[in-house]
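Below are the chains, spelled out letter by letter.
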Amino acid sequence: MFLPMSDLSESDAFACLGVRRPTVILHNRDVFAVGFTRPDVARDAVDAAVLDLWLPVPTRDDASVFRLAWFAYTHPLRQGDPAMRRAVPGEDGAFPVMVWRAVDVDTARTRQVAALDALVVAA
């Protein structure tokens, strides 16, 4: 059972990331699917976002590392203080993010390249 997609207009997503609707953010090879709670829907969004960037798309093999996390605004006191912190579902202002770390993206890329190489050798 998955949580329903949250309404980002009722969350801190705009204050933290400047987004008003579900979106995919790429930062330093990390992939963040903001506003998604279902991995299959987030995967489709990532697939559309990385179409021309030669980034792999999460598969079932990546299910354990394509993780749902919740964040909220922190009201930073000084410049350079974090604007986001981990939160729990249902917390005031909390919004979901499916996180796929750069190291896991690299692992998926290596696995997909190896599979393509095996197909070329077999042909």
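Quantities reported herein were computed from a predicted structural model and do not represent experimental measurements.

Student: Help me understand the sheet that holds strand S4 (residues 84-87), please; the structure alone is not making it clear to me.
Tutor: Two strands in a sheet stick together by hydrogen bonds in their backbones, pointing the same way (parallel) or opposite ways (antiparallel). The antiparallel open sheet is built from 5 strands, whose spatial order is S1-S2-S5-S3-S4. At either margin of the open sheet sits one strand with a lone partner, and together these are strand S1 (23-27) and S4. Here the average twist between neighbouring strands, direction ignored, is 35°. Helix H2 (residues 39-49) rests against S1, strand S2 (30-34), strand S3 (66-73) and strand S5 (95-100) of the sheet, and its axis sits at about 90° to S3.

Student: Would you take a moment to explain the nonpolar core for this structure?
Tutor: It is characteristic of soluble globular proteins that their nonpolar side chains tend to be buried jointly. Residues Ala 33, Val 46 and Trp 100 are the most contacted members of the largest nonpolar core, which totals 16 residues. Among the secondary structure elements, those contributing two or more residues to this core are S2, H2, S5 and helix H3 (102-122). Here this core takes 3 residues from H2, the largest share from any one element. With near-sequence residues (within four places) excluded, Trp 100 lies in contact with Asp 30, Val 31, Pro 56, Val 57, Pro 58, Asp 62, Val 65, Phe 66, Val 105 and Ala 108.

Conventions adopted
Residues numbered from 1 in each chain as written. Predicted model: local features only at pLDDT ≥ 70, side-chain atom pairs only at ≥ 80, totals over all residues. Heavy atoms only, no water. Pairing = 2+ DSSP bridges. Helix = DSSP H or I, 4+ residues; strand = E, 2+ residues; numbered from the N terminus. Axes fitted to C-alpha atoms, helices over the stretch in contact; angles between N-to-C directions. Contact = heavy atoms within 4.5 Å. Core = buried A, V, L, I, M, F, W, Y, C linked by side-chain atoms within 4.5 Å. Buried < 20%, exposed > 50% of the residue type's maximum accessible area, 1.4 Å probe, protein only.

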